[in-house]
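# Descriptive structure summary
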Amino acid sequence: MELTHKRYLKITFPFMLSSVAVPVIGAVDTAVVGRLGSPDYISAVALGAVIFSTIYWLLGFLRITTAGMTAQAVGREDKEEVFLILLRALLLAAFIGLLLFAFHRFIFAAAQLVFQPEAVVALLMKRYFDILVWGFVPFLLYQVLAGWITGILQIKTVVVLELGTSLVNFILDLCFVNLWNLNIDGVAYASLLAQLVGFIVAVCYILCRQKCYLAIVRWNSFFDKGACLKLTGCCTHLMIRTICMLFMINTFMRQSAAFGSNILAANSILFQIQYIIGDIFAGLSQSAALYAGVAVGEKNSRLFFDNLKINGLWSLLMGGLLSFGYYLLREPILYCFTDLPDVLAAAYEYDIYIVFFSFIAALGIVYYGIFNGALITAPICYSMLLTVIAFLISKTALIPIFGNAGLWQSFLIFYLGRTIFLLIFLPFLYRKLGFKRSGKIF
(Lines give C-alpha, C1' and ligand atoms only; values in the text may rest on other atoms or scores of the structure.)
Protein backbone atom coordinates (compact mmCIF):
# COMPACT_ATOMS: atom_id res chain seq x y z
CA MET A 1 0.00 0.00 0.00
CA GLU A 2 1.23 3.49 -0.88
CA LEU A 3 0.14 6.50 1.18
CA THR A 4 -0.41 9.86 -0.50
CA HIS A 5 -1.89 13.08 0.89
CA LYS A 6 -5.07 12.45 -1.14
CA ARG A 7 -5.54 8.92 0.21
CA TYR A 8 -4.70 10.10 3.71
CA LEU A 9 -7.32 12.86 3.66
CA LYS A 10 -9.89 10.50 2.16
CA ILE A 11 -9.56 8.29 5.25
CA THR A 12 -8.83 11.00 7.83
CA PHE A 13 -11.77 13.32 7.15
CA PRO A 14 -14.38 10.63 7.96
CA PHE A 15 -12.38 9.72 11.08
CA MET A 16 -12.47 13.34 12.18
CA LEU A 17 -16.25 13.49 11.72
CA SER A 18 -16.79 10.29 13.69
CA SER A 19 -14.40 11.36 16.46
CA VAL A 20 -16.04 14.75 16.89
CA ALA A 21 -19.44 13.05 17.19
CA VAL A 22 -18.57 11.76 20.68
CA PRO A 23 -17.77 15.10 22.41
CA VAL A 24 -20.57 16.75 20.46
CA ILE A 25 -22.99 14.62 22.51
CA GLY A 26 -21.50 16.09 25.70
CA ALA A 27 -21.52 19.57 24.18
CA VAL A 28 -25.19 19.24 23.22
CA ASP A 29 -26.02 18.16 26.77
CA THR A 30 -24.16 21.16 28.18
CA ALA A 31 -25.78 23.56 25.71
CA VAL A 32 -29.28 22.29 26.49
CA VAL A 33 -28.94 22.58 30.28
CA GLY A 34 -27.09 25.87 29.86
CA ARG A 35 -30.44 27.46 29.08
CA LEU A 36 -32.35 26.07 32.06
CA GLY A 37 -31.62 29.22 34.07
CA SER A 38 -29.05 28.03 36.63
CA PRO A 39 -25.32 27.20 36.54
CA ASP A 40 -26.13 24.27 38.86
CA TYR A 41 -27.49 22.32 35.88
CA ILE A 42 -24.34 22.93 33.86
CA SER A 43 -22.14 21.90 36.79
CA ALA A 44 -24.18 18.75 37.52
CA VAL A 45 -24.09 17.54 33.91
CA ALA A 46 -20.41 18.44 33.60
CA LEU A 47 -19.43 16.54 36.76
CA GLY A 48 -21.71 13.62 35.88
CA ALA A 49 -20.20 13.51 32.40
CA VAL A 50 -16.71 13.54 33.94
CA ILE A 51 -17.59 10.37 35.90
CA PHE A 52 -18.55 8.54 32.72
CA SER A 53 -15.73 10.09 30.72
CA THR A 54 -13.34 8.89 33.41
CA ILE A 55 -14.65 5.33 33.15
CA TYR A 56 -14.92 5.24 29.37
CA TRP A 57 -11.56 6.88 28.79
CA LEU A 58 -10.05 4.45 31.25
CA LEU A 59 -11.50 1.66 29.11
CA GLY A 60 -10.74 3.35 25.80
CA PHE A 61 -8.10 0.69 25.19
CA LEU A 62 -10.95 -1.66 24.22
CA ARG A 63 -11.65 0.27 21.02
CA ILE A 64 -8.09 1.38 20.35
CA THR A 65 -6.44 -2.00 20.82
CA THR A 66 -9.18 -3.80 18.88
CA ALA A 67 -8.68 -1.44 15.94
CA GLY A 68 -4.86 -1.75 16.01
CA MET A 69 -4.79 -5.53 16.30
CA THR A 70 -7.45 -5.91 13.62
CA ALA A 71 -5.57 -3.62 11.22
CA GLN A 72 -2.40 -5.68 11.68
CA ALA A 73 -4.33 -8.90 11.02
CA VAL A 74 -5.81 -7.31 7.89
CA GLY A 75 -2.27 -6.38 6.78
CA ARG A 76 -1.23 -10.04 7.23
CA GLU A 77 -4.44 -11.16 5.44
CA ASP A 78 -5.29 -13.40 8.41
CA LYS A 79 -9.10 -13.44 8.22
CA GLU A 80 -9.54 -15.95 11.02
CA GLU A 81 -7.58 -13.83 13.48
CA VAL A 82 -9.53 -10.73 12.41
CA PHE A 83 -12.74 -12.23 13.77
CA LEU A 84 -11.14 -13.88 16.80
CA ILE A 85 -9.85 -10.45 17.87
CA LEU A 86 -13.44 -9.20 17.88
CA LEU A 87 -14.72 -12.12 19.93
CA ARG A 88 -11.99 -11.84 22.57
CA ALA A 89 -12.53 -8.09 22.92
CA LEU A 90 -16.33 -8.46 23.19
CA LEU A 91 -15.95 -11.00 25.99
CA LEU A 92 -13.61 -8.69 27.88
CA ALA A 93 -15.90 -5.66 27.37
CA ALA A 94 -19.00 -7.52 28.58
CA PHE A 95 -17.21 -8.69 31.73
CA ILE A 96 -15.94 -5.19 32.55
CA GLY A 97 -19.34 -3.60 31.88
CA LEU A 98 -21.14 -5.99 34.23
CA LEU A 99 -18.49 -5.39 36.89
CA LEU A 100 -18.95 -1.62 36.64
CA PHE A 101 -22.72 -1.92 36.96
CA ALA A 102 -22.37 -4.12 40.04
CA PHE A 103 -20.21 -1.47 41.75
CA HIS A 104 -21.92 1.69 40.44
CA ARG A 105 -22.98 2.91 43.90
CA PHE A 106 -19.41 2.75 45.12
CA ILE A 107 -18.28 4.60 41.97
CA PHE A 108 -20.69 7.47 42.63
CA ALA A 109 -19.72 7.70 46.29
CA ALA A 110 -16.06 7.91 45.30
CA ALA A 111 -16.85 10.63 42.74
CA GLN A 112 -18.61 12.69 45.40
CA LEU A 113 -15.57 12.48 47.64
CA VAL A 114 -13.34 13.64 44.79
CA PHE A 115 -15.50 16.51 43.48
CA GLN A 116 -17.14 17.60 46.76
CA PRO A 117 -19.91 19.48 44.89
CA GLU A 118 -22.45 21.77 46.53
CA ALA A 119 -25.59 20.01 47.84
CA VAL A 120 -27.88 21.05 44.97
CA VAL A 121 -25.31 20.06 42.34
CA ALA A 122 -24.74 16.70 44.06
CA LEU A 123 -28.46 15.88 43.98
CA LEU A 124 -28.77 16.74 40.29
CA MET A 125 -25.58 14.84 39.50
CA LYS A 126 -26.95 11.68 41.16
CA ARG A 127 -30.14 11.80 39.10
CA TYR A 128 -28.02 12.04 35.93
CA PHE A 129 -25.69 9.23 37.03
CA ASP A 130 -28.41 6.77 38.11
CA ILE A 131 -29.92 6.79 34.63
CA LEU A 132 -26.71 6.49 32.60
CA VAL A 133 -25.30 3.52 34.56
CA TRP A 134 -27.63 1.29 32.51
CA GLY A 135 -25.48 2.06 29.48
CA PHE A 136 -22.25 0.56 30.83
CA VAL A 137 -22.46 -2.78 28.99
CA PRO A 138 -23.92 -1.67 25.64
CA PHE A 139 -21.57 1.31 25.41
CA LEU A 140 -18.43 -0.78 25.98
CA LEU A 141 -19.62 -3.45 23.56
CA TYR A 142 -20.26 -0.71 20.99
CA GLN A 143 -16.72 0.64 21.43
CA VAL A 144 -15.30 -2.79 20.60
CA LEU A 145 -17.59 -3.16 17.58
CA ALA A 146 -16.65 0.31 16.30
CA GLY A 147 -12.93 -0.42 16.77
CA TRP A 148 -13.22 -3.68 14.87
CA ILE A 149 -15.16 -2.09 12.00
CA THR A 150 -12.42 0.55 11.84
CA GLY A 151 -9.73 -2.13 11.75
CA ILE A 152 -11.31 -3.87 8.73
CA LEU A 153 -11.18 -0.48 6.95
CA GLN A 154 -14.95 0.12 6.83
CA ILE A 155 -14.48 3.77 7.70
CA LYS A 156 -17.73 5.07 6.20
CA THR A 157 -19.71 2.66 8.36
CA VAL A 158 -18.08 3.99 11.52
CA VAL A 159 -18.82 7.57 10.45
CA VAL A 160 -22.49 6.75 9.86
CA LEU A 161 -22.70 5.03 13.25
CA GLU A 162 -21.10 7.91 15.16
CA LEU A 163 -22.95 10.70 13.40
CA GLY A 164 -26.22 8.78 13.61
CA THR A 165 -25.76 8.33 17.35
CA SER A 166 -25.08 12.05 17.81
CA LEU A 167 -28.14 12.96 15.75
CA VAL A 168 -30.35 10.67 17.82
CA ASN A 169 -28.96 12.22 21.01
CA PHE A 170 -29.57 15.75 19.72
CA ILE A 171 -33.18 15.03 18.72
CA LEU A 172 -33.95 13.29 22.01
CA ASP A 173 -32.37 16.15 23.98
CA LEU A 174 -34.67 18.63 22.31
CA CYS A 175 -37.73 16.43 22.84
CA PHE A 176 -37.07 15.42 26.45
CA VAL A 177 -35.80 18.78 27.75
CA ASN A 178 -37.34 21.50 25.59
CA LEU A 179 -40.70 19.88 24.76
CA TRP A 180 -41.42 17.61 27.73
CA ASN A 181 -39.53 19.58 30.43
CA LEU A 182 -37.69 16.57 31.88
CA ASN A 183 -34.67 18.80 32.67
CA ILE A 184 -31.56 16.88 33.72
CA ASP A 185 -33.38 13.51 33.61
CA GLY A 186 -34.20 14.17 29.96
CA VAL A 187 -30.56 14.84 29.15
CA ALA A 188 -29.54 11.52 30.74
CA TYR A 189 -32.30 9.52 29.02
CA ALA A 190 -31.35 11.04 25.66
CA SER A 191 -27.71 9.98 26.05
CA LEU A 192 -28.65 6.48 27.23
CA LEU A 193 -31.04 5.83 24.36
CA ALA A 194 -28.51 7.16 21.84
CA GLN A 195 -25.92 4.69 23.19
CA LEU A 196 -28.38 1.80 22.86
CA VAL A 197 -29.26 2.76 19.29
CA GLY A 198 -25.57 2.86 18.32
CA PHE A 199 -24.93 -0.58 19.82
CA ILE A 200 -27.95 -2.21 18.17
CA VAL A 201 -27.16 -0.78 14.72
CA ALA A 202 -23.49 -1.90 14.98
CA VAL A 203 -24.56 -5.45 15.89
CA CYS A 204 -27.01 -5.57 12.98
CA TYR A 205 -24.33 -4.35 10.56
CA ILE A 206 -21.84 -7.05 11.55
CA LEU A 207 -24.43 -9.84 11.54
CA CYS A 208 -25.74 -8.81 8.13
CA ARG A 209 -22.57 -7.71 6.33
CA GLN A 210 -19.63 -9.49 8.02
CA LYS A 211 -21.08 -12.87 9.06
CA CYS A 212 -18.82 -14.62 6.53
CA TYR A 213 -16.04 -14.51 9.14
CA LEU A 214 -17.90 -17.02 11.30
CA ALA A 215 -17.40 -19.76 8.73
CA ILE A 216 -13.60 -19.66 8.90
CA VAL A 217 -13.09 -19.51 12.68
CA ARG A 218 -11.48 -22.47 14.46
CA TRP A 219 -12.90 -22.06 17.91
CA ASN A 220 -9.99 -23.84 19.60
CA SER A 221 -7.89 -20.79 18.60
CA PHE A 222 -10.07 -18.46 20.67
CA PHE A 223 -7.87 -18.64 23.77
CA ASP A 224 -4.52 -18.61 21.94
CA LYS A 225 -1.97 -17.75 24.63
CA GLY A 226 0.16 -15.41 22.53
CA ALA A 227 -2.79 -13.42 21.21
CA CYS A 228 -4.37 -13.09 24.66
CA LEU A 229 -1.08 -11.95 26.23
CA LYS A 230 -0.62 -9.38 23.47
CA LEU A 231 -4.13 -8.06 24.06
CA THR A 232 -3.72 -7.81 27.85
CA GLY A 233 -0.24 -6.26 27.55
CA CYS A 234 -1.42 -3.47 25.26
CA CYS A 235 -4.53 -2.95 27.37
CA THR A 236 -2.46 -2.61 30.54
CA HIS A 237 -0.18 0.06 29.08
CA LEU A 238 -3.10 2.00 27.63
CA MET A 239 -5.04 1.74 30.87
CA ILE A 240 -2.13 3.30 32.78
CA ARG A 241 -1.96 6.03 30.14
CA THR A 242 -5.67 6.69 30.53
CA ILE A 243 -5.46 6.72 34.33
CA CYS A 244 -2.89 9.48 33.99
CA MET A 245 -5.14 11.41 31.60
CA LEU A 246 -8.12 11.08 33.88
CA PHE A 247 -6.12 11.99 36.95
CA MET A 248 -5.33 15.28 35.26
CA ILE A 249 -8.95 15.85 34.18
CA ASN A 250 -10.45 15.01 37.54
CA THR A 251 -7.86 17.12 39.35
CA PHE A 252 -8.70 19.98 37.01
CA MET A 253 -12.46 19.67 37.59
CA ARG A 254 -12.08 19.30 41.35
CA GLN A 255 -9.97 22.45 41.50
CA SER A 256 -12.53 24.20 39.28
CA ALA A 257 -15.31 23.26 41.72
CA ALA A 258 -13.26 24.81 44.55
CA PHE A 259 -13.34 28.15 42.69
CA GLY A 260 -17.18 28.29 42.83
CA SER A 261 -20.16 27.54 40.56
CA ASN A 262 -19.50 30.22 37.94
CA ILE A 263 -15.85 29.25 37.42
CA LEU A 264 -16.80 25.56 37.41
CA ALA A 265 -19.49 26.20 34.79
CA ALA A 266 -17.11 28.31 32.66
CA ASN A 267 -14.31 25.76 32.88
CA SER A 268 -16.80 22.99 32.04
CA ILE A 269 -17.83 24.81 28.87
CA LEU A 270 -14.21 25.43 27.86
CA PHE A 271 -13.46 21.77 28.55
CA GLN A 272 -16.27 20.74 26.21
CA ILE A 273 -14.66 22.88 23.51
CA GLN A 274 -11.23 21.34 24.08
CA TYR A 275 -12.84 17.88 23.97
CA ILE A 276 -14.13 18.66 20.48
CA ILE A 277 -10.76 20.06 19.36
CA GLY A 278 -8.95 17.10 20.93
CA ASP A 279 -11.22 14.65 19.16
CA ILE A 280 -10.59 16.32 15.81
CA PHE A 281 -6.94 15.42 16.44
CA ALA A 282 -8.11 11.98 17.59
CA GLY A 283 -9.52 11.53 14.08
CA LEU A 284 -6.03 12.10 12.70
CA SER A 285 -4.67 9.79 15.38
CA GLN A 286 -7.05 7.00 14.34
CA SER A 287 -5.92 7.36 10.75
CA ALA A 288 -2.29 7.26 11.90
CA ALA A 289 -3.00 4.12 13.95
CA LEU A 290 -4.77 2.40 11.06
CA TYR A 291 -1.96 2.95 8.57
CA ALA A 292 0.68 2.10 11.18
CA GLY A 293 -1.11 -1.18 11.88
CA VAL A 294 -1.32 -2.07 8.20
CA ALA A 295 2.35 -1.08 7.68
CA VAL A 296 3.51 -3.31 10.53
CA GLY A 297 1.30 -6.18 9.34
CA GLU A 298 2.73 -5.87 5.82
CA LYS A 299 6.27 -5.17 7.16
CA ASN A 300 6.21 -2.09 4.93
CA SER A 301 8.72 0.46 6.27
CA ARG A 302 8.03 2.95 3.47
CA LEU A 303 4.33 3.07 4.34
CA PHE A 304 5.21 3.46 8.02
CA PHE A 305 7.49 6.49 7.51
CA ASP A 306 5.17 8.09 4.94
CA ASN A 307 2.43 7.76 7.56
CA LEU A 308 4.65 9.37 10.18
CA LYS A 309 5.54 12.30 7.94
CA ILE A 310 2.08 13.00 6.52
CA ASN A 311 0.41 12.80 9.94
CA GLY A 312 2.98 15.15 11.44
CA LEU A 313 2.47 17.76 8.74
CA TRP A 314 -1.32 17.66 8.83
CA SER A 315 -1.51 17.69 12.62
CA LEU A 316 0.55 20.89 12.83
CA LEU A 317 -1.44 22.49 10.03
CA MET A 318 -4.74 21.52 11.68
CA GLY A 319 -3.48 22.83 15.04
CA GLY A 320 -2.78 26.23 13.54
CA LEU A 321 -6.13 26.36 11.72
CA LEU A 322 -8.11 25.41 14.83
CA SER A 323 -6.29 27.96 16.98
CA PHE A 324 -6.95 30.74 14.49
CA GLY A 325 -10.54 29.63 13.83
CA TYR A 326 -11.48 29.52 17.51
CA TYR A 327 -9.93 32.94 18.14
CA LEU A 328 -12.07 34.46 15.39
CA LEU A 329 -15.31 32.74 16.43
CA ARG A 330 -14.90 32.58 20.20
CA GLU A 331 -17.90 34.77 21.11
CA PRO A 332 -20.58 32.95 19.06
CA ILE A 333 -19.12 29.58 20.07
CA LEU A 334 -19.33 30.36 23.78
CA TYR A 335 -22.81 31.82 23.43
CA CYS A 336 -23.97 28.50 21.94
CA PHE A 337 -23.34 26.92 25.36
CA THR A 338 -25.00 29.41 27.70
CA ASP A 339 -26.53 32.87 27.93
CA LEU A 340 -25.74 33.35 31.65
CA PRO A 341 -23.74 36.64 31.89
CA ASP A 342 -21.51 35.66 34.83
CA VAL A 343 -20.57 32.32 33.27
CA LEU A 344 -19.87 33.91 29.90
CA ALA A 345 -17.68 36.58 31.51
CA ALA A 346 -15.60 33.92 33.25
CA ALA A 347 -15.31 31.89 30.04
CA TYR A 348 -14.12 34.94 28.05
CA GLU A 349 -11.45 35.59 30.68
CA TYR A 350 -9.84 32.15 30.35
CA ASP A 351 -10.60 30.93 26.83
CA ILE A 352 -7.26 32.21 25.47
CA TYR A 353 -5.82 28.94 26.76
CA ILE A 354 -8.05 27.05 24.30
CA VAL A 355 -6.38 29.02 21.49
CA PHE A 356 -2.93 27.81 22.62
CA PHE A 357 -4.17 24.27 23.32
CA SER A 358 -4.92 23.48 19.66
CA PHE A 359 -1.35 23.94 18.49
CA ILE A 360 0.41 22.59 21.58
CA ALA A 361 -1.58 19.33 21.76
CA ALA A 362 -1.61 18.44 18.05
CA LEU A 363 1.52 16.36 17.55
CA GLY A 364 1.31 14.43 20.84
CA ILE A 365 -2.27 13.30 20.25
CA VAL A 366 -1.68 12.28 16.63
CA TYR A 367 1.62 10.43 17.18
CA TYR A 368 0.00 8.51 20.01
CA GLY A 369 -1.89 6.77 17.19
CA ILE A 370 1.37 5.71 15.53
CA PHE A 371 2.58 3.91 18.65
CA ASN A 372 -0.81 2.40 19.26
CA GLY A 373 -1.29 1.12 15.71
CA ALA A 374 2.14 -0.49 15.87
CA LEU A 375 1.09 -2.06 19.21
CA ILE A 376 4.29 -0.71 20.82
CA THR A 377 2.45 0.73 23.80
CA ALA A 378 5.04 0.82 26.61
CA PRO A 379 6.38 4.26 25.50
CA ILE A 380 2.83 5.65 25.68
CA CYS A 381 2.65 4.52 29.29
CA TYR A 382 6.07 5.83 30.31
CA SER A 383 5.73 9.20 28.56
CA MET A 384 2.37 9.80 30.21
CA LEU A 385 3.78 9.08 33.68
CA LEU A 386 6.44 11.74 33.07
CA THR A 387 3.74 14.11 31.83
CA VAL A 388 1.68 13.74 35.02
CA ILE A 389 4.74 14.56 37.11
CA ALA A 390 5.23 17.76 35.10
CA PHE A 391 1.54 18.63 35.56
CA LEU A 392 1.65 18.15 39.34
CA ILE A 393 4.78 20.29 39.71
CA SER A 394 3.30 23.11 37.61
CA LYS A 395 -0.08 22.92 39.36
CA THR A 396 1.52 23.15 42.78
CA ALA A 397 3.61 26.13 41.73
CA LEU A 398 1.13 28.11 39.61
CA ILE A 399 -2.33 27.86 41.21
CA PRO A 400 -1.39 29.64 44.49
CA ILE A 401 -0.06 32.54 42.42
CA PHE A 402 -2.45 32.80 39.46
CA GLY A 403 -5.60 30.97 40.62
CA ASN A 404 -7.75 29.63 37.78
CA ALA A 405 -5.30 31.01 35.22
CA GLY A 406 -2.59 28.90 36.88
CA LEU A 407 -4.85 25.86 36.56
CA TRP A 408 -5.16 26.42 32.81
CA GLN A 409 -1.42 27.03 32.51
CA SER A 410 -0.82 23.66 34.18
CA PHE A 411 -3.25 22.12 31.70
CA LEU A 412 -1.19 23.44 28.79
CA ILE A 413 2.03 22.20 30.39
CA PHE A 414 0.44 18.74 30.61
CA TYR A 415 -0.17 18.66 26.84
CA LEU A 416 3.22 20.14 26.03
CA GLY A 417 4.85 17.45 28.15
CA ARG A 418 2.71 14.78 26.51
CA THR A 419 4.07 15.78 23.09
CA ILE A 420 7.73 16.16 24.10
CA PHE A 421 8.01 12.97 26.16
CA LEU A 422 6.34 10.85 23.45
CA LEU A 423 8.59 12.19 20.68
CA ILE A 424 11.62 11.16 22.73
CA PHE A 425 10.58 7.52 22.25
CA LEU A 426 10.43 7.63 18.43
CA PRO A 427 13.94 6.13 17.92
CA PHE A 428 12.95 3.29 20.28
CA LEU A 429 9.87 2.64 18.13
CA TYR A 430 11.97 2.38 14.97
CA ARG A 431 14.35 -0.11 16.58
CA LYS A 432 11.53 -2.20 18.02
CA LEU A 433 9.89 -2.57 14.61
CA GLY A 434 13.19 -3.12 12.80
CA PHE A 435 12.51 -0.12 10.52
CA LYS A 436 15.46 2.07 9.54
CA ARG A 437 14.69 5.72 8.94
CA SER A 438 16.00 7.20 5.71
CA GLY A 439 16.11 10.99 5.59
CA LYS A 440 14.21 13.48 7.71
CA ILE A 441 10.65 13.03 8.91
CA PHE A 442 9.81 16.67 8.11
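Look up a bit, the structure's there.
A short tour of the structure in this document, coming up. Since the model is a prediction, treat every value here as computed from it, not as a measurement.

As a further point, take the layout of surface pockets. In this structure, the largest pocket encloses a volume near 360 Å³. For the largest pocket, the lining is made up of 16 residues, of which I51, T54, I55, L58 and I107 are closest to its centre. For the lining of the largest pocket, the secondary-structure elements that each account for two or more residues are helix 2 (39–58), helix 4 (79–102), helix 5 (104–115) and helix 10 (225–258). For the lining of the largest pocket, the leading source of residues is helix 5, giving six residues. Looking at the lining of the largest pocket residue by residue, the classes come out as 14 nonpolar, two polar and no charged.

Turning our attention to helix 5. Taking 1.5 Å of rise per residue, twelve residues should cover 16 Å, and helix 5 covers 16 Å from first to last C-alpha, within 8% of that figure. What helix 5 keeps buried is the set H104, I107, F108, A111 and F115. Down the axis of helix 5, the buried side of the element spans an arc of 95 degrees, and every buried residue falls inside it. Exposed residues lying more than 90 degrees from the buried face of helix 5 are R105, F106 and L113. Taken from the residues just after helix 5, Q116 is the one with a positive phi, measuring 50 degrees.

Our next topic: the environment of T377. By secondary structure assignment, the location of T377 is in the loop between helix 14 (352–373) and helix 15 (378–402). In this structure, the C-alpha to C-alpha distance between T377 and T236, residues 141 residues apart in sequence, is 9.0 Å. When near neighbours in sequence (up to four residues on either side) are disregarded, T377 contacts G233, C234, H237, L238 and N372.

Basis of the calculations
Residues numbered from 1 in each chain as written. Predicted model: local features only at pLDDT ≥ 70, side-chain atom pairs only at ≥ 80, totals over all residues. Heavy atoms only, no water. 1 Å grid on protein atoms, 1.4 Å probe; cavity = no way out; pocket = protein on both sides within 12 Å on 5 of 7 lines; lining within 4 Å. Points joined across faces, edges and corners; volume = space filled by probe spheres on them. Helix = DSSP H or I, 4+ residues; strand = E, 2+ residues; numbered from the N terminus. Nonpolar A, V, L, I, M, F, W, Y, C, P; charged D, E, K, R; others polar. Expected span 1.5 Å × (residues − 1). Buried < 20%, exposed > 50% of the residue type's maximum accessible area, 1.4 Å probe, protein only. Arc of directions from axis to C-beta. Contact = heavy atoms within 4.5 Å.

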